[in-house]
Amino acid sequence: MKRQILGGEQSIAALVVDMPNGETKTLKIEVFDHGSGGPTGDPPYTVGVEIDHRPPPEGSFVQAIAKPIEEASPAGGCEFVDGPTRPQATLEILRKERLAPLSEGAVFIGYEIAGRNLYFRLGGSRPFDHFVEVRFLSKSSGEQPFKEVCSIDLSSWPFAREYALASLSDDRIFNPIWRVEVVVQRGAATTDELEFSIFRDLDPGRPRVALSQEPYGSNPFLSSFVCQSLGGRGSIATQAGIPFAISSVLRIKTIDAHGMITKNNRMVLRNNLLEAVALWRRSCSLCLPAHMLFVEIDGELFTIGRDGSFAGYALFENEPVRRTIPRLGDPVLPTLPSDRSGTRTPTVGYVSVSRSSELVSRICSMQGVSAEAVQVRAELCETTGSGAPTSPVIELIVIDGPTSCGDQINHVACEPDGKRVEFNARDYRFRSWETGDVLFGRGARVADLMPVLIHEVGHWIGLPHSAGHESIMAGSLQHARCIDDTTRDDLRLLARGDVTVVKGPNELTYFESD
């Protein structure tokens, strides 16, 4: 038995089989879908491989052709069903939601890891006499865009069916991540609330596996927020022209004057901040390894890479940065894109590091090093005459009242000047995008914290609102999806200093206003 982890845009597995000349063997290969964070509920994907042993040309290997075993699979699209479509499966609930008040423009967006099938079930009364649309989108756990699988109008729900089923076709079944959008379209709403649940298939003996949170920013589920069409590695800039990119230590201070965030939820907020910064860092192809090398949140220090290995390589090796376009076969240095052509996964995440650690002590005492290392040492170790750190501090403020962008319920968050971001905790409850638990806020509306954080960190960088189809920098949560090609191109222009940094004010709205 041979086991191998597969992933990325392309995967190659090698297997040596000892067999006499002229013999034919058939191998059965089972691929378990653990790459996206745990079992999906589907059985292993099975591939039959026939090997016909004939004397190969000198210096070459016998190659086998993989022939998929024909199995019945659901067609892509939506349909209404009574329960799981596979007899051996039961349904595992992933999320239960309540959308209230149910007014035009109201929107729910949720992300789930499942298999080929995702089930949606309504609670309360139905059908509706106004148009509420549920859209199902899917992507693999890489960085490609989401693609719409199907959509349903809830007013057409048949009384005899319990579930709406969205299913993928054979060419889109590996490591699927689902995005579910519930949108109340323009027109009068006649129901005060909408309750619904989301399920996936679960086979016997296949328990759900918790997502890894170490290091922060390396969770494969985070690819939900990255949807770029990458074309491989390119040249790496020797300098960047924006404050976020050129800073080696990003300092963030959270301010909760009304005591809305519990101690445990403050840790979740911290982790989400690290994940948001890691996503932007991986998308900044014109930044250097020393940029955003450290993040400090409320006095706690974090660095890229487990045990500071990345920081050490980036600062102390003789040539930490590639200055030319890499060629096929060149040794790969730890620049921000990963060592795999065409993809930047897996993400290099942040881990906690003590200020008394050997890594920090070495940085603070190093002499005769590169200009990059000197900058890191200054921002990490030195202070101004007043004792303040040399790098700027960004404030994240929870507000139980109107933000600086105005007293409007449609304002989810406000970034007034590039140094602060304000959360409207009076009108919104901000929840964990993974568990659905409310982290802080007392409002009637609910918003996922992670896309809001990614959006606001984008403003810290200097990015404006975007008209891109899927850009996380869209002006409303209704359309803000991921760091797409448009966002990446805007970031590249900023890093080169070709455009002016946007300093605000910028407001993120709940849904798109007229």
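Figured I'd write up the structure that's included with this text. Quick caveat: nothing in here was measured; it's all calculated off a predicted structure. (Residues numbered from 1 in each chain as written. Predicted model: local features only at pLDDT ≥ 70, side-chain atom pairs only at ≥ 80, totals over all residues. Heavy atoms only, no water.)

Examining the overall build of the protein chain
- Looking only at helices and strands, one finds seven helices and 25 strands in the protein chain.
- Per-residue burial for the protein chain yields a buried fraction of 52% across its 514 residues.
- Considering only contacts within the protein chain whose residues lie at least 6 apart along the sequence, 72% involve residues at least 24 apart.
- Counting every atom, the protein chain has about 23,500 Å² of accessible surface; 51% of that belongs to carbon and sulfur. (Helix = DSSP H or I, 4+ residues; strand = E, 2+ residues; numbered from the N terminus. Buried < 20%, exposed > 50% of the residue type's maximum accessible area, 1.4 Å probe, protein only. Contact = heavy atoms within 4.5 Å. Areas by Shrake-Rupley, 256 points an atom, 1.4 Å probe, with all protein chains shown as cover.)

Side note on the nonpolar core
- One finds F120, F136, W280, F294 and F440 to be the most contacted residues of the largest nonpolar core, which totals 108 residues.
- Dropping the residues within four chain positions of it, F136 is found in contact with C78, L118, F120, K147, E148, V149, C150, I152, A166, W178, R179 and V180.
- Counting five residues, the second largest nonpolar core, distinct from the first, contains Y119, Y163, L165 and F199. (Core = buried A, V, L, I, M, F, W, Y, C linked by side-chain atoms within 4.5 Å.)

Examining helix α2 (residues 263-283)
- Taking 1.5 Å of rise per residue, 21 residues should cover 30 Å, and α2 covers 31 Å from first to last C-alpha, within 8% of that figure.
- Most of α2 is tucked away, with 16 of its 21 residues classed as buried. (Expected span 1.5 Å × (residues − 1).)

Focus on the packing of aromatic side chains
- For the structure shown, the criterion picks out 15 aromatic pairs.
- An aromatic cluster of at least three residues, connected via ring pairs, comprises F80, F108, F120, F136, W157 and F196.
- Looking at K139, its charged tip hangs above the ring of F146, at a distance of 5.2 Å from the centre. (Phe/Tyr/Trp six-rings, centres within 6.5 Å; stacked < 30°, edge-to-face > 60°. Lys NZ or Arg CZ within 6 Å of the ring centre and 35° of its normal.)

Considerations on the pairing of strand β22 (residues 438-441)
- Judged from the three bridges that link them, strand β21 (residues 428-431) and β22 form a sheet pairing that is antiparallel. Across the sheet, the residue bridging to R431 is V438, located in β22. (Pairing = 2+ DSSP bridges.)

Observations regarding the sheet that holds strand β7 (residues 117-123)
- Read from one edge of the open sheet, five strands run β4-β10-β7-β12-β5, paired in antiparallel fashion. Each edge of the sheet is formed by a strand with only one pairing partner; in this case those strands are β4 (77-81) and β5 (90-99). Taken pair by pair, the neighbouring strands of this sheet meet at an average axis angle of 25 degrees, ignoring direction.
- Summarising the sheet, β7 and strand β12 (residues 194-202) pair through six bridges and their orientation is antiparallel. Each bridged residue has a counterpart across the sheet, and for L122 the counterpart in β12 is F196. (Axes fitted to C-alpha atoms, helices over the stretch in contact; angles between N-to-C directions.)

So, helix α7 (residues 485-495)
- Listing the buried residues of α7 in full gives T487, R488, L491, L494 and A495. In an axial view of α7, the angular spread of the buried residues amounts to 120 degrees, which keeps them on one side of the axis.
- Buried residues along α7 sit in contact with α2, α6 (449-461) and β24 (483-484).
- Phi turns positive, to about 80 degrees, at G497, one or two residues after α7. (Arc of directions from axis to C-beta.)

Concerning the pattern of salt bridges
- Enumeration according to the criterion identifies 22 salt bridges in this entry.
- R95 is the salt-bridge partner of E112, the closest N and O atoms lying 2.7 Å from each other. Of the two residues, E112 is situated in strand β6 (residues 107-113) and R95 in strand β5; the sequence distance between them amounts to 17 residues.
- The exposure class assigned to E112 is buried, which follows from its relative accessible area of 2%.
- By relative accessible area, which is 5% here, R95 ends up buried.
- In this structure, D427 and R426 form a salt bridge, with 3.1 Å as the shortest nitrogen-oxygen distance.
- Residue R426 is classed as partly exposed on the basis of its relative accessible area, which comes to 22%.
- Because the salt bridges share partners, they merge into one network encompassing R95, E97, E112, R431 and D448. (Salt bridge = Lys/Arg side-chain N within 4 Å of Asp/Glu carboxyl O.)

In short, geometric facts, not functional conclusions.
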